[in-house]
Amino acid sequence: MNLQDVFEKQKQLNKLIVPGLYKDLDEKKMTEWVIKLNLGMQQEQAELVDSLDWKWWKKGEFNLNNAKVEIVDIMHFVVSIATVLGMDADEFLEIYAKKHALNNKRQENGYQDGTYEKVIDGVEDNVREVLG
């Protein structure tokens, strides 16, 4: 399975869960669904954290297998959000690669010590290097 397969399978599942989800996706409907999906993703993130022994005030359980399931649940939501925004796997990977390169550039050019300039001539680096 590759990322294109993941996008296709997730879109099919989303259509099964919410028939008509991808019909007439205007700005308002996109906003509504991105918020709903983001809230679902936040719940999965909480479930991931609950798979770990993080509570300093009581003994918990470290559940590696459940943590793995929760991280995949998070990916379901990430891919769902991407598809609602009209992205396919190719566009996702293209933007990922550009953003990854930018993150490396930031680290290599003073991002941590505050000397890196994100905005040049009024244009943020995300716009110049990722979306441009």
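Just so you know, these numbers come straight off a predicted model, no measurement behind them.

**Some words on the side chain of Gln10**
So, step 1. Looking at where Gln10 falls in the secondary structure, it is placed in helix 1 (residues 3–17).
So, step 2. Judged by its relative accessible area of 7%, Gln10 falls in the buried class.
So, step 3. Looking at Gln10, its side chain comes within polar contact range of the side chain of Ser80, at 3.2 Å.
So, step 4. Not counting residues up to four positions away in its chain, the partners in contact with Gln10 are His76, Val79 and Ser80.

**What about the environment of Asn2?**
So, step 1. Residue position: Asn2 is located in the segment before helix 1.
So, step 2. Since its relative accessible area comes to 43%, Asn2 is described here as partly exposed.
So, step 3. Considered as a pair, Asn2 and Glu44 are 42 residues apart in the sequence and their alpha carbons are 23 Å apart.
So, step 4. Within the structure, Asn2 has its side chain in polar contact with the backbone nitrogen of Asp5 (distance 2.8 Å).

**Looking at a nonpolar patch on the surface**
So, step 1. A cluster of nonpolar side chains, contributed by Val49, Leu52, Trp54, Trp56, Trp57, Phe62 and Leu64, occupies part of the molecular surface with about 810 Å² of accessible area.
So, step 2. Mapped onto the elements of the fold, Leu64 is located in helix 3 (residues 64–84).
So, step 3. Under the relative-accessibility criterion, Leu64 is labelled partly exposed at 44%.

The rules behind each value
- Residues numbered from 1 in each chain as written.
- Predicted model: local features only at pLDDT ≥ 70, side-chain atom pairs only at ≥ 80, totals over all residues.
- Heavy atoms only, no water.
- Helix = DSSP H or I, 4+ residues; strand = E, 2+ residues; numbered from the N terminus.
- Buried < 20%, exposed > 50% of the residue type's maximum accessible area, 1.4 Å probe, protein only.
- Polar contact = N/O pair within 3.5 Å; in protein donor to acceptor, adjacent residues only side chain to side chain.
- Contact = heavy atoms within 4.5 Å.
- Patch = residues over 30% accessible without salt bridge, like charges linked within 9 Å, V, L, I, M, F, W, Y side chains within 5 Å.
- Areas by Shrake-Rupley, 256 points an atom, 1.4 Å probe, with all protein chains shown as cover.
- Salt bridge = Lys/Arg side-chain N within 4 Å of Asp/Glu carboxyl O.

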